[in-house]
Amino acid sequence: MEREIIIETVGIKKSFTVGRGREITVLEDINLKIYSGEFVSILGQSGAGKSTLLRIIAGLVEPTEGQVLYKGVPLKQANAKIAVVFQSFALFPWFTVLENVKVGLIGKGLTEEEMNEKAIKAIDLVGLDGFEDAYPRELSGGMRQRVGIARALVVEPEILLMDEPFSALDVLTADNLRGDIIDLWRAGKIPAKAVVLVTHNIEEAVSMSSRAVVLTHNPGKIKADIPVELSYPRDRNSRDFKFLLDKIYTVLIKPPEEIPFLLAAGRYQFLPHAKVGAIAGLVELVHDKGGRVDVYALSSELSMEVDDIFPLIEASVILDFGEVKEGDFILTEKGKRWAEADTLEKKEIFKDSALQHVQLIKQILQVLSTISKHRVSDEFFIDILKNHFTPEEAWNQLETAIDWGRYAELFAYDYDAGELYLEEPSTIDM
Amino acid sequence: MKIPVSIPAETFRVRAIDVVVIFIVLGIISFIIYIASEWGTPYEETLEIDLNPSNIPYYALQSLARIFCAYILSLTFSIWYGYTASRSKIHEKVMIPLLDILQSIPVLSFLPGVVLAMIALFPGKRLGIELACILLIFTGQVWNMTFSFYHSINTIPKEMKEVVKVFKFNKFSKFLRLDLPFSAIGLVWNSMMSVAGGWFFLMACEMFILEDKDFRLPGLGSYIQTAANKGEIEYIVYGLGTMISLIIILDLFIWRPLIVWSQKFRIETVPPEEERESFVLNFFSGSIFIKKIIKLINTTINQIEKLSYKRFPLAYTSIMNKISKILGLLFLMVILISIIWAIIKAIGLVSDITLSDIVLIMKSALYSLLRVFVALLIALSWTLPVGVYIGLNPKAAKILQGIVQIAASVPATAVFPVILLFLIKLGGGLDIGAIFLMLLGTQWYLLFNIIAGASAIPKDLIEISKAYGIKGLRRWKVLILPGIFPYLITGLITASGGAWNSTIVSEYVSFGGEIMYTTGLGALISQSSASGNFGLLLLATCSMSVIVVGINRLLWKRLFIIAKAKYTLE
């Protein structure tokens, strides 16, 4: 059976210009076909450009290169029926639930009665009957997102886009809403022909979707396109489910090139946003468990999501405290020594690792020791980093480097003056 | 046998309140017709303001109409300017600094241009002078509203803007459903402040001298001014009393209900700790007539919205966009050309300025600078302890805030004559007296901000400092000053701007038939406007503008950034 292609992205690239004509590429070479009947998850770590991709598909953001085809016609010319569910719900606080849902129908040439009828139907569908006249501020987070979903469904879109719709909700509420959406989807009550869900939660992707597209980050490229052929309702404890989770975890962690964290030619090293204390916590925990753990088992045991635990693992790998093999996180000899060491030794080991493996810290030390007063404004490093990262990311990078450098007592930071400086310039030799 | 008759309970029962509402509506309509008939008459140059108190209602109504017209003009201008400025980066770069400069120009500096233009447009008609007066009031109240609207529509969360795009709103829907509600709270607050500013400069706007010619319009401002000129304390008190009562009535019947209503447009989606209330709003919301009117307005707006989609279906909007883009660029060019034209004209005007004039301007600027500084210091010295006390004691706040609000709503200009009497008796003259006059107008900005800041200090911080026995001076240093710092800076910015603006009325006062003035930029502006020395007027205005914008940029903005970065409590 020939399935209809609803949306196709052809060679999408998105880059932003940051100061002095430097470009940062967020998405690169994205070729994706979304067929009728599919529920596609787009997975990736934060900063992988998943939300940007969704916005390009929605026509909210213009790609730098390439184009989006809606049923074979370029999106700009097509009268596309697309609806979006937002992470922050994006409801109008001054409208009631009914009015908020009717927002989707404005300008469609319907009479007031027709609009009310459709809106009430959508509200009933998401299980909010009786709340038509409530204001969003009277509702809980889960109910607000239900309004957001009703607003999207009321326009009877051909494709429904969801941008991390559950990440602003608490665990139980999110689970409940996921279940309801899947039930509606399976019962054919969601008018859309296809659903695209952007998420950083692997379990969410595996439990809901029929296909998971995994993006790398920096820049975002399609790393894997994995069909999820499990029958509904999906049992999270089944072997198949766990196998798929493990598989996606491995794909997500394992970088496309085999030597991941050393510098790829010309690309500046990306420091994961991890505080030293948290890295130490992870390494010690893994050491207690015998030095090798399954990443998925660990993350569910700690009830941490990908976004929380990956930076820690990545940081451990950069610092040569651990490595990742077949979905397992394994401590290196150095990592084991670090876990066992006392406070002072810990600092020494960390200092050694940071000096060997962290480009930014090396660079900071070089600058500080060459300048006679051994004091440099943070803006100086931000300017350098801005050549490689977005301004926001530049600050994140520097903050991480400062945290690591302070812990290793390599340099200090004066918050008020915004300056990095050497405490005892003479004792450092590079 | 009785036949049961069912009467629809709600719809036909007219309550007493509905009669009141109908009377009010009829009153407003006849008021508009009356004002229209008044303003159509030819302008009488020899108009005498009759101090007989029985004329006061007539004068008050006229002033009210002028302030109302100026306000509507301000609102329209603000929305248009705000939209145009956020059209592109270029628009923003030209129009926002321009707004900063315009805001720093005192009302009287606009006077000659506005009045001469209006007389030329409507020669011999009273309408011309009326329009001039309205435009003058407009220049006193429009800028902060514009800033507020511009700021609001530029802080709309990204996802909300995306909703508008995803669901394909047209411009009208976007304005109606997103931009206007989003900016409502800011607009209401700033409207309140602006109208207060209108009362403040009313006297200067209704009665003025230009090129040694006397202009006056019947109004409350000119009534008080005339009474002051004749030194009639009794009549000053009558006029003042009327003005204060009007302000209180407006506050009670318009601003307070509006503020309560605008709470509907709060952004945070959590319920507030304490619902504000307005008994007037509660009272009138019981009226069926009002409900009918609101419903009618709602359906009309909905119909217009639907129509707007029929007239401009989405396919057209790209053409519409192009047209409006071209218009926007044209407008930008008009602004730039008129700035250049103004500069060329200005060079012509300034050419007969002598060196002694420049020395005079510099000397005056220095004097005014000192006065503004001293006025701020004095204001700070009493508002700081009082504001912190009120802010930290909710019980005191309940009683005192009402009193303070009424005191603050009294337009200081109207009290000047009375204060002057005492100052003259005390000696020292206007040289020092001007400081007190400035103080009257600007101290409230400081006080309100300090109260807001003190009441925003978190409870647990207060308790902790109590637990550690932090008292006296240390408590101020550790807890209170850092806690209120951002608010304090905001207050100082507004107060210093206000002080500069009020130099024109506090350094140059006419009272008891004679004109009193002292050395100062404000006095210089008032004088040169009255005598028609436009070169001097221009140069003095530019100096003031440069000083105000300069101080804002160099001092306040920097302090504000520090305040935001370091002392923001989250």
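Shown above is the structure to which this text applies.
### Side note on the nonpolar core
In terms of nonpolar packing, the biggest core is built from 201 residues, with Ile7, Phe92, Ile159, Leu160 and Leu161 of chain A together with Trp199 of chain B touching the most fellow members. Looking at which element gives the most residues to this core, the answer is helix 6 (residues 126-154) of chain B, with 13 residues. When residues no more than four places from it in sequence are discounted, the contact partners of Ile7 of chain A are Leu32, Lys33, Ile34, Ile57, Val68, Leu69, Tyr70, Ile82 and Ile159 of chain A.

### Overview of the sheet that holds strand 16 (residues 419-421) of chain A
Residues and elements named next belong to chain A. Strand order in the open sheet made by the 3 strands is 14-16-15, with antiparallel pairing throughout. The open sheet has two edge strands with one neighbour each: strand 14 (375-377) and strand 15 (412-414). Pairs of neighbouring strands in the sheet enclose a mean axial angle of 25°, with direction left out of account. Pairing analysis gives 3 bridges linking strand 15 to strand 16, with the strands arranged antiparallel. By the bridge assignment for strand 16, Tyr413 is matched with Leu420. Together, strand 14, strand 15 and strand 16 form the strand contacts of helix 14 (residues 378-385), whose direction differs from that of strand 14 by roughly 60°.

### Here's the deal with the pairing of strand 6 (residues 82-85) of chain A
Residue and element names in this part refer to chain A. Alternating residues of strand 6 divide into Ile82 and Val84 and Ala83 and Val85, and every residue in both groups is buried. Relative to strand 7 (residues 159-163), strand 6 runs parallel, the two being bridged by 4 bridges. Bridging across to strand 7, Ile82 finds its partner in Ile159.

### Focus on unusual backbone geometry
All names here are of chain A. Along the chain, Tyr232 connects to Pro233 via a cis peptide bond; the corresponding omega equals -15°. Its location among the elements puts Pro233 in the loop between strand 10 (222-227) and helix 7 (239-253). Here Glu156, not a glycine, exhibits a phi torsion of approximately 45°, which is positive. Take Glu156: it is sitting in the loop between helix 4 (141-153) and strand 7. Even without being glycine, Glu409 reaches a positive phi, approximately 55°.

### Quick word on helix 11 (residues 333-340) of chain A
Residue and element names in this part refer to chain A. Taken together, the buried positions of helix 11 are Lys334, Gly335, Trp338 and Ala339. An end-on view of helix 11 places all buried positions within 140° of arc, on one side of the element. The exposed set on the far side of helix 11, more than 90 degrees from its buried face, consists of Glu333 and Glu340.

### Some thoughts on the environment of Ile309 of chain A
Relative to the helices and strands, Ile309 of chain A is located in helix 10 (residues 306-318). The contact partners of Ile309 of chain A, leaving out residues within four places of it in the chain, are Leu298, Ser299, Leu302 and Met304 of chain A.

### A short note on the interface of chain A and chain B
Taken together, the contact pairs 35 residues of chain A with 30 residues of chain B. Here chain A and chain B share an interface that buries about 2,600 Å² over both sides, 61% of which is from carbon and sulfur atoms. Interface area lost by chain A to chain B is led by Trp94, Ile106 and Arg137 of chain A, which between them contribute 31%. Where chain A packs against chain B, one counts 3 salt bridges.

### So, the environment of Val213 of chain A
Residue and element names in this part refer to chain A. Turning to its location among the elements, Val213 is positioned in strand 9 (residues 211-215). The exposure class assigned to Val213 is buried, which follows from its relative accessible area of 1%. Sequence separation of Val213 and Asp29 is 184 residues, and the distance between their C-alpha atoms is 14 Å. The residues contacting Val213, other than those within four sequence positions of it, are Leu32, Val40, Ser41, Ile42, Leu43, Ile222, Ala224 and Asp225.

### Observations regarding the packing of aromatic side chains
Tallied over the entire structure, the rule returns 31 aromatic pairs over all chains. Judged by centre distance (4.9 Å) and plane angle (70°), the rings of Phe200 of chain B and Phe201 of chain B are edge-to-face. What makes Phe200 of chain B buried here is its relative accessible area of 13%. For Phe201 of chain B, a relative accessible area of 9% gives the class buried. Taken together, the ring pairs in this structure connect Phe92, Trp94 and Phe95 of chain A together with Phe169, Phe182, Trp261 and Phe265 of chain B into an aromatic cluster. The lysine or arginine in question, Arg234 of chain A, covers the ring of Tyr232 of chain A, its NZ or CZ lying 4.2 Å from the ring centre.

### With respect to the pattern of salt bridges
Any two side chains of opposite charge can pair, so long as their charged atoms come close to each other. Under the definition given, this model contains 35 salt bridges over all chains. The closest approach of N and O atoms between Asp100 of chain B and Arg553 of chain B, which form a salt bridge, is 2.7 Å. In this pair, Asp100 of chain B sits in helix 4 (residues 89-104) while Arg553 of chain B sits in helix 22 (residues 534-566), placing the two residues 453 residues apart along the sequence. Taking the relative accessible area as the measure of exposure, Asp100 of chain B reaches 11% and is therefore buried. Close ionic contact of Asp214 of chain B with Arg216 of chain B constitutes a salt bridge, the shortest N to O distance being 3.3 Å. Classification of Asp214 of chain B as partly exposed rests on a relative accessible area of 42%. A network of salt bridges, in which partner residues are shared, links Asp175, Arg178, Glu203, Glu204 and Arg236 of chain A.

### Things to note about a nonpolar patch on the surface
Residue and element names in this part refer to chain B. On the surface, a nonpolar cluster with roughly 650 Å² of combined accessible area is contributed by Ile22, Val25, Leu26, Ile29, Ile33, Phe289, Ile293 and Ile297. The set of elements that each furnish at least two residues to the nonpolar patch consists of helix 2 (16-39) and helix 13 (288-311). Considering the arrangement of structural elements, one finds Ile33 in helix 2. Classification of Ile33 as exposed rests on a relative accessible area of 56%.

### Some points on the packing of helix 4 of chain B against helix 22 of chain B
Residues and elements named next belong to chain B. At a closest axis distance of 8 Å, the pairing of helix 4 and helix 22 adopts a crossing angle of 120°. Judged by the inter-axis angle, helix 4 sits oblique to helix 22. Seen along the crossing, helix 4 lies across helix 22 with a hand that is right-handed. The residues of helix 22 that touch helix 4, namely those facing Asp100, Ile101 and Ser104, are Met544, Ser545, Val548, Val549, Arg553 and Lys557. Class assignment for the residues of the contact of helix 4 with helix 22 results in 4 nonpolar, 2 polar and 3 charged.

Calculation criteria
- Residues numbered from 1 in each chain as written.
- Chains lettered and ligands numbered in written order.
- Predicted model: local features only at pLDDT ≥ 70, side-chain atom pairs only at ≥ 80, totals over all residues.
- Heavy atoms only, no water.
- Core = buried A, V, L, I, M, F, W, Y, C linked by side-chain atoms within 4.5 Å.
- Buried < 20%, exposed > 50% of the residue type's maximum accessible area, 1.4 Å probe, protein only.
- Helix = DSSP H or I, 4+ residues; strand = E, 2+ residues; numbered from the N terminus.
- Contact = heavy atoms within 4.5 Å.
- Pairing = 2+ DSSP bridges.
- Axes fitted to C-alpha atoms, helices over the stretch in contact; angles between N-to-C directions.
- Arc of directions from axis to C-beta.
- Buried area = accessible area lost by both parts, 1.4 Å probe.
- Salt bridge = Lys/Arg side-chain N within 4 Å of Asp/Glu carboxyl O.
- Phe/Tyr/Trp six-rings, centres within 6.5 Å; stacked < 30°, edge-to-face > 60°.
- Lys NZ or Arg CZ within 6 Å of the ring centre and 35° of its normal.
- Patch = residues over 30% accessible without salt bridge, like charges linked within 9 Å, V, L, I, M, F, W, Y side chains within 5 Å.
- Areas by Shrake-Rupley, 256 points an atom, 1.4 Å probe, with all protein chains shown as cover.
- Parallel < 35°, antiparallel > 145°, perpendicular 65-115°, else oblique.
- Left-handed = near helix turned anticlockwise from the far one by under 90°.
- Nonpolar A, V, L, I, M, F, W, Y, C, P; charged D, E, K, R; others polar.

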